[in-house]
Amino acid sequence: MGRVNRAVFSDFDGTITAQESFVRVLEIFAPEESRRLIPRMYDLSLSLREGVRLLLESIESRHYPEMLDSVSRTPLRPGFEEFLSFLEDRGIPFIIVTGGITAFVRATLGPLEKRVHAIFGADLDTGGPTLKLHSDWEAGTELVSKPLVLETVRKVLPVDLPVIIGDSVTDLELSMACPVVFARDRLAGYLDQRGRMYYHYEDFMEIQKIFQEKILR
Ligand SMILES: [Mg+2]
């Protein structure tokens, strides 16, 4: 049997980070709009594409350095660095696909960024009076369509078995399309409602153990 090419596609906020840093930064810098719009994104009555844009574009660009500073202090979920080493040793690419902003991911990862194969997400233009959101990955209701990212990655990287790690609504579409999913929090609830199987995790030690026992067999 030939080699199976595996690649990990991981969400960032609430997945690699121990807390939802993106939602928190929106709540700090766009409090009114957050109170109004975030619950509607969670109950799926407002698309992420519309909701995240409305929120971010209501924030003045002068707040951007404070936003970066705020997200960069978010703690990571235990076992993350060890899991990166585990994958590196086995030649398995680790790709971050965030429903948020790539610069926020880079600010939070610091030197660990070099050990990640690629980071996909939306970007902010800070040149005008208010932030302007830009995404190369918009599709349907999604600001960052994770299935579209997977499809694009597959054009340059052989991926027989994508392994998904996520925690919330931005991971739902990709999780429904892929056979191996690690889920916690809201994502686990959405998958339960839809009768989809997943591995539950709370930290990267648990993910690594299941990876070793079930996915590398
Ligand atoms: Mg998340």
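So, how was this worked out
Residues numbered from 1 in each chain as written. Predicted model: local features only at pLDDT ≥ 70, side-chain atom pairs only at ≥ 80, totals over all residues. Heavy atoms only, no water. Helix = DSSP H or I, 4+ residues; strand = E, 2+ residues; numbered from the N terminus. Rg over C-alpha atoms; globule rule 2.2 N^0.38 Å. Contact = heavy atoms within 4.5 Å. Areas by Shrake-Rupley, 256 points an atom, 1.4 Å probe, with all protein chains shown as cover. Lys, Arg positive; Asp, Glu negative; His and termini not counted. Charge placed at Lys NZ, Arg CZ, Asp CG, Glu CD. Salt bridge = Lys/Arg side-chain N within 4 Å of Asp/Glu carboxyl O. Buried < 20%, exposed > 50% of the residue type's maximum accessible area, 1.4 Å probe, protein only. Pairing = 2+ DSSP bridges. Right-handed = clockwise from strand over helix to strand, strands pointing away. 1 Å grid on protein atoms, 1.4 Å probe; cavity = no way out; pocket = protein on both sides within 12 Å on 5 of 7 lines; lining within 4 Å. Points joined across faces, edges and corners; volume = space filled by probe spheres on them. Nonpolar A, V, L, I, M, F, W, Y, C, P; charged D, E, K, R; others polar. Phe/Tyr/Trp six-rings, centres within 6.5 Å; stacked < 30°, edge-to-face > 60°. Lys NZ or Arg CZ within 6 Å of the ring centre and 35° of its normal. Donors = N, O, S within 2.8 Å, 3.2 Å for Na, K, Ca; no water. Axes fitted to C-alpha atoms, helices over the stretch in contact; angles between N-to-C directions.

Colleague: Which parts of the structure should I look at to understand the overall build of the protein chain?
Modeller: When helices and strands are counted, the protein chain shows 10 helices and seven strands. On C-alpha atoms alone, the protein chain measures out to a radius of gyration of 17 Å, which is about the 17 Å that the 2.2 N^0.38 rule sets for 217 residues. Seen through its principal axes, the protein chain has C-alpha atoms that stretch 55 × 40 × 30 Å. A sequence separation of at least 24 residues applies to 62% of the contacts in the protein chain between residues at least 6 apart. As displayed, the protein chain offers around 10,100 Å² of accessible surface, 51% of which is attributable to carbon and sulfur atoms. Charged side chains in the protein chain number 26 positive and 33 negative. The centres of these two groups are separated by 4 Å.

Colleague: What is the right way to look at the pattern of salt bridges in this model?
Modeller: Side-chain pairs of opposite charge can arise where the charged atoms are in close proximity. Counted under the stated rule, the structure contains 15 salt bridges. A salt bridge links R62 to E60; the nearest nitrogen and oxygen atoms lie 2.6 Å apart. Accessibility expressed as a relative area gives 36% for E60, which makes it partly exposed. For D69, the salt bridge identified is with R73, shortest N-O distance 3.1 Å. For D69, a relative accessible area of 41% translates into the label partly exposed. By relative accessible area, which is 59% here, R73 ends up exposed. Each of the salt bridges in this network shares a partner with another, and the network as a whole consists of R49, R53, E57, K132 and E138.

Colleague: So what exactly am I meant to see when it comes to the pairing of strand β6 (residues 180–183) here?
Modeller: Side chains on a regular strand alternate between the two faces of the sheet. Of the two faces of β6, both are covered, the one formed by V180 and F182 as well as the one formed by V181 and A183. As paired elements, strand β5 (residues 161–166) and β6 share four bridges and run parallel to each other. Residue I164 lies in a different strand from β6, and its bridge partner there is V181. In terms of strand pairing, β6 meets strand β7 (residues 199–200) through two bridges, oriented parallel. Following the sheet pairing, A183 is matched in β7 by H200. With helix α9 (residues 185–193) bridging β6 and the parallel β7, this β-α-β connection has right-handed handedness.

Colleague: Is there a simple way to explain the layout of surface pockets in this structure?
Modeller: Rolled over the atoms, a probe with the dimensions of a water molecule shows which regions are left empty. Of the voids in this model, the largest pocket is the one considered here, and its volume is about 160 Å³. Contributing to the lining of the largest pocket are M41, L44, L46, S47, L48, T141, E142, V169, L172 and E173. Classifying every residue of the lining of the largest pocket gives six nonpolar, two polar and two charged.

Colleague: Explain the packing of aromatic side chains to me, please; I cannot follow it from the model alone.
Modeller: For any two aromatic rings, the description comes down to two numbers: the centre-to-centre distance and the angle of the planes. Counted according to the given criterion, the structure contains 11 aromatic pairs. Feature note: the residues F80, F83, F86, F94, F204 and F211 constitute an aromatic cluster, connected by ring pairs. Over the face of the ring belonging to Y42 we find R186, whose NZ or CZ atom lies 3.5 Å from the ring centre.

Colleague: When you look at the coordination of the magnesium ion in this model, what are you seeing that I'm missing?
Modeller: Note on the magnesium ion: its protein donors are D11 (OD), D13 (O) and D167 (OD). The metal-donor distances range over 2.1 to 2.2 Å. Read in sequence order, the donor residues for the magnesium ion give the motif D-x1-D-x153-D. Linking D11 in the loop between β1 (6–10) and α1 (21–29) with D167 in the loop between β5 and α8 (172–177), this pair joins segments that are 156 residues apart in sequence. Taken as a pair, D11 and D167 share a single burial class, namely buried.

Colleague: I'm lost on the sheet that holds β6 in this one. Help?
Modeller: Neighbouring strands of a sheet are bound in pairs by backbone hydrogen bonds; such pairs are parallel or else antiparallel. Spatial ordering of the open sheet is given by β4-β3-β2-β1-β5-β6-β7, a layout of seven strands whose pairing is mixed. Strands at the two margins of the open sheet, each flanked by one partner only, are β4 (132–134) and β7. As defined by bridge partners, strand β2 (residues 94–101) adjoins strand β3 (residues 118–125) across four bridges and the pair is classed as parallel. Looking at β3, one finds that I95 is bridged to A118. Taken strand by strand, helix α3 (residues 48–56) contacts β2, β3 and β4, and its axis lies near 145° from that of β4.

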